[in-house]
Structures are given as structure tokens and as C-alpha cells.
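Report on the structure
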Amino acid sequence: MTSAAMTLRSSPPTGLRGFARSLRVVAIKELVDALSSRWFLVNAAVFGLLAVGLSFVSLAGAGVSGLSGFGRTAAGMLNIVLLVVPLMALTAGAATVAGERERGMLVYMLAQPVSRAEVLLGKYLGAAAALVGSLCLGFGASAILMAWRGGTDGIQPFVAFFFFTVLLALSMLAVGVLISVLARRSGVAVGIAVFVWLTLTLLTDLGLMAGTLAFRLRVEELFSLAVANPLQACKMAAMQQMHASLDILGPAGLYAMQTHGEHLRVILLAVLAGWIVVPLAASLAVFSRRSPL
Amino acid sequence: MQGGKKGSLHVMISVSHLRKRFGRIRAVDGVSFEVGTGEAVALWGANGAGKTTIIRCVLGVVRFDGRISVGGHDVLRRGKSARHLLGYVPQELAFHDEMRAGAAIRLVASLRATPLADAMTALERVGLEGCAGRRVRELSGGMKQRLALALALLADPPAILLDEPTSNLDRSGRDDVVRMLVELKRAGKTVLFASHRPEEVAALADRVLVLERGRIVDNRSPDRLGAAGPSFRTMRLRVPHAQNDAAATALRAEGLPVENNGHGLCVNVAHGAKAGPIRILVGAGIDVDDFELLPLSDAHDQEILP
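As a starting point, this report considers the structure included with it. (Residues numbered from 1 in each chain as written. Chains lettered and ligands numbered in written order. Predicted model: local features only at pLDDT ≥ 70, side-chain atom pairs only at ≥ 80, totals over all residues. Heavy atoms only, no water.)

1. What to know about helix 6 (residues 155–182) of chain A
Taking 1.5 Å as the rise per residue, helix 6 of chain A with 28 residues should run 40 Å; its terminal C-alpha atoms sit 41 Å apart, in good agreement. Burial within helix 6 of chain A is extensive, with 20 of its 28 residues counted as buried. (Helix = DSSP H or I, 4+ residues; strand = E, 2+ residues; numbered from the N terminus. Expected span 1.5 Å × (residues − 1). Buried < 20%, exposed > 50% of the residue type's maximum accessible area, 1.4 Å probe, protein only.)

2. Notes on the nonpolar core
Core analysis: the biggest nonpolar cluster contains 169 residues, and Phe 47 of chain A together with Ile 13, Val 58 and Phe 95 of chain B have the highest contact counts within it. In terms of residues, this core owes the most to one element, helix 3 (residues 69–103) of chain A, which gives 17 residues. With near-sequence residues (within four places) excluded, Phe 95 of chain B lies in contact with Arg 103, Met 105 and Tyr 108 of chain A together with Ala 104, Leu 107, Val 108, Val 136 and Leu 151 of chain B. (Core = buried A, V, L, I, M, F, W, Y, C linked by side-chain atoms within 4.5 Å. Contact = heavy atoms within 4.5 Å.)

3. Details of the side chain of Thr 114 of chain B
Here Thr 114 of chain B lies in the loop between helix 3 (101–111) and helix 4 (116–125). Ignoring sequence-local partners within four residues, the contact set of Thr 114 of chain B consists of Ala 109, Ala 119, Leu 154 and Ala 155 of chain B.

4. Section: a nonpolar patch on the surface
All names here are of chain A. Where nonpolar side chains cluster on the molecular surface, the patch consists of Phe 195, Leu 198, Leu 202, Leu 203, Leu 206 and Met 209 and spans about 590 Å² of accessible area. Here Leu 198 lies in helix 7 (residues 186–215). By relative accessible area, Leu 198 is classed as partly exposed at 34%. (Patch = residues over 30% accessible without salt bridge, like charges linked within 9 Å, V, L, I, M, F, W, Y side chains within 5 Å. Areas by Shrake-Rupley, 256 points an atom, 1.4 Å probe, with all protein chains shown as cover. Salt bridge = Lys/Arg side-chain N within 4 Å of Asp/Glu carboxyl O.)

5. Some points on the packing of helix 6 of chain A against helix 7 of chain A
All names here are of chain A. Contact pair helix 6 / helix 7: the axes reach a minimum separation of 9 Å and the direction vectors enclose 140°. Relative to helix 7, the element helix 6 lies oblique. Where helix 6 crosses over helix 7, the two elements pack in a sense that is right-handed. Where helix 6 approaches helix 7, its residues Met 172, Val 175, Ile 179 and Ser 180 are matched on the opposing element by Ala 189, Ile 192, Ala 193, Val 196 and Leu 200. (Axes fitted to C-alpha atoms, helices over the stretch in contact; angles between N-to-C directions. Parallel < 35°, antiparallel > 145°, perpendicular 65-115°, else oblique. Left-handed = near helix turned anticlockwise from the far one by under 90°.)

6. Considerations on the sheet that holds strand 4 (residues 40–44) of chain B
Residues and elements named next belong to chain B. Spatial ordering of the open sheet is given by 7-8-9-4-10-11, a layout of 6 strands whose pairing is mixed. Two strands close off the open sheet at either side, each with one partner strand: strand 7 (86–89) and strand 11 (215–220). Across this sheet, the average inter-strand angle for adjacent strands is 20°, counted without regard to direction. As defined by bridge partners, strand 4 adjoins strand 9 (residues 190–195) across 5 bridges and the pair is classed as parallel. Looking at strand 9, one finds that Val 41 is bridged to Leu 192. Together, strand 7 and strand 8 (159–163) form the strand contacts of helix 5 (residues 141–152), whose direction differs from that of strand 7 by roughly 170°. (Pairing = 2+ DSSP bridges.)

In C-alpha cells:
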């Protein structure tokens, strides 16, 4: 039997325009879903409050240390960022696909004229917009407070720190989306996301310390292993911006500065970009083959 | 409108040598059929016969072996184009309970590039005017299915796929939905629907494909349906709660799809072999507290898949 292709009278845009359109629609839906998630809102509020609180503390101590208000705040925020932002991003990512699969919504979405790549990338972009928006609020409120009370001296490293934080958030979100694509249930996805968070924030450092002692790792090996962790990459990049030196990080920091010099920033950016691209590509590969049931 | 011809009809949906497995279970096993433009075809069979799987394959949301085309578009290679021609009504609308009907309409309208004004008239067409501001959880089962129908009709697609659209509805809700579907059929829509309700099939279908264990065993007119019916029934087994998972594993190991829905384990049993699942469980050292055969009209809403 032969069958010529049929089209509707008002066919929607195809090609790149159609792709961009579907991406935008799915992203907006995901953004609205994220903003109505209590878990996400609580995380964002906690981060915002901590950022503003730290700004007050930094302003109170201004003049005591050699750092400006922005520098002190950024230094103080670094630990919060490394703790809170990965948790926010991983759990937000873990909620993107698994929950909708469980509810049957994923099948319904895929039954519409959209491709799987459009659905997954749209979900990532929507969740990323929500995440970056909440970071903008936290950093923005802090920056306004500092500029109002203490001037804009030292704002450049603070802005760079915000940029690296966004990269960290996007990379952890990509890992969360991969977890969500792989897990069959949303509860399992969130559980794995929390485990990954614990591993990256605590266990990796402990493992590195133990590995250094047990295997007598050389300093370049220690640096390579440390920098493979996106949290460490973000930390090094931020600290380099704040102090222009990584001697505070010990031998690995000194090695990094002496060996890579000006290229270190590029290496750290590449590591963070890799943590966005690789998990996202893996998610796409799995999502395009896996049953949405 | 273009398309291949089936008798005097243009072919809207063509399914050829369709096979689909879920692990060890063959959900669909070599199914071929065509649906002509303006024709209404029912997929009839017990739970687990393969009805829902076939519909999901036609939509291209699950991978399969074989070939399916909609309006001449291969659903795996040109899935978006094929799905533009299809409206889909699931067994139950899966939108988040807090989502408003209007937001659901806007989402699907955006995906289908339909003007919002047209989209809102779709609500009127199914008698849901004034309901755009209501949350999904505030809608009754019948209203949800009418909303699902409105969403399926948004871009005025030439074909509608319905997966047991009345399975969750009471008598009055069922009658409403069936009446709307009959009007759609009269308006020239192609309809492919899964059902195990004889009255629904009789009211809507031009042709009935009888499915058993993933195969088409008959292709008949709906007025000949009453005498036959599927040769499988759904059995609900109750075992001690702690043994639920072990029981499901034991049944699946013997190739029986199982659904654990919180009220018991549901399996499909063939006439003349109803003791099979009980024998398997007893053999695995699992106590069977109770069992019952569900009447066809009360059978579960989802197909039993592994």
C-alpha cells in the first residue's frame, strides 16, 4: 500500500523554529512547576536568608579584616554555596522526569507533537531558570545590601563567584536530571540525589585524604582527583578570584597555581562545563531509548 | 487529504507486524491492521490483551518492532508529524491536581501551536465553559475526561486515540463521553479506541479487533461482539501483605503479568486454567488468603504489565 504524507491545515513550525518553540513551552511549564514546589521554595528561601545574613555579619566586621564587605561576604558564602546549592540543584533535577513518569504525565507529554529531546532539554532549561532565578535573588539581595552600606569595592570577585556558582548549579542540575531519567520512582531519584550530594560534599574529601595517606598520591594526582569534583572546581575558581592565590588550599593549590598559572581558570571552567554537558548528553541518550512507563 | 486506500477508504492508521515485549512478556505479538479515514475501530480484549500497548505504540511513545504510520508519517522516524494528526485521551488525565484546567489547555495549545482563543472554545465544545479557573482536583471524573477530550481536540486533529476513556466513570459520565465520541465520529474523525465495555463498542465502533495475549484473534462487526467476548478474565488474589512482593515475583517468573494495586494482585487467567496462579503461589510457599474473578465491567483501568 502506498500512503502519501498528510498534514494539517495549520501545521506548527518545523525545524529549528519548531524545536525552539517546543523547548520554550516545556521550559515554561517546568519553571512554573519548580516555582510551585515547596521543597524548592524552602531551599531558595534558606539560601537567600543565609546570603543576606552573611552580608550583615560581613558589614559588622568591615574594617577588622583586610577584606572589603564583598570579599568577606563571598568568602563566607562559599561554604554555604558548596553545601546548599548542590542540594537544591540535585533535588530539583531529580524531580524533573521521575515524578512525571510515575504519575503518567510523561506519557501524556510524549503523546503530544514534541520530540524526546525537546521534552528533556525543555525540562532542564525550565529547572535551570528557576534555579538561577533563586541564586540571583540570594546574591542580588546580598549585593544590594553591601553596595548600599559599604560601597562597591571588591564587587568584581563577587560577580565572578556568582558566575561560578551558576555553573556549579547547572552542573549539579544536569546530574540530577540524569538521576531522574535513570530512576523509576521519584522517591528513589531524590534518595540517590541526596546520596550523590553527600558523596560530593563530604565523602569525596574524606576519600581523597584517605587515598593520599594510603596510596601516597603525588601532588599532581591529588590535584587531578580533587578538581574532578565540581564542588572543588567551583571552590578553587572562586578562591582564585577572591585571593588571586590558592596557597590556602595547601600543596594541591600551590601546585595548581605554579603548574597551570593563568590556564587554571580555563581548566576549572572546562571541568564545570564538562559536568553540565556530559550528564546532559547521557540523560538525552538514556531518555531517547528508555520507555516512559 | 492524501493517503493510501483501504477498500473505498483512505488509510489513516497503518500498523504492520507490530511486536512489543516488556522483559519476558510479549505484550503485542505480530499485530497488523489498518484504520480508514473516518472509521471507528475498537480494540477489544481483557486486561493484558495488549490494547493500551498498541495505542502507545501508535503514538510512538514506546519503542517497538514493526512499522506504524499515521497519515503516511512513520511514527518512529517522523513522530512529531504523526502526533500532530492524533489527539489522545488517556484512561485518566495525569495533570497535577493543583493545575488549573485553563493552564492545561494553554500548555497543550502551545505545544500544538493552536491560538488560545480556539483553545478556549474547545472547553465550550465539551460543556466545560467557565471551568478554566478550576483546579484539576476540583473536577469530577466525567469532567476530567471531558477536559481530556477537549485537549485531544485542540488542534482539530483528524484522528483520535482513546485508551478506555470511560473506565473511571459512572454511568452518566460514560453516557456523556460516548455521546460526544459518536458526534466526533459523525463529524468524520478517525477513532481508534480501547475498550472492554460492550455498550461503548456497540455505540461507537464500525469494526472490532478482538485481542488475546497480544494477538488479533478476530476482526468483526460490533453486533457480533456479545456472543464472543474475551476468553480471559482478571483474577484478584489476596496474600499476606509481607508476601506481596514475593508473590508478584513468583507469578512473573511463570510468565504471568501482575498488577499490584494495593487491593491485591491482579492477573489474567484463561478460561479452564483459573487455578494456575493459585497453584504457582502455593508451590512457592505463599499463602493465598482470598481470590475473586472481576467482572469485565469492573476490571482494572490499566493493562497488566510487568
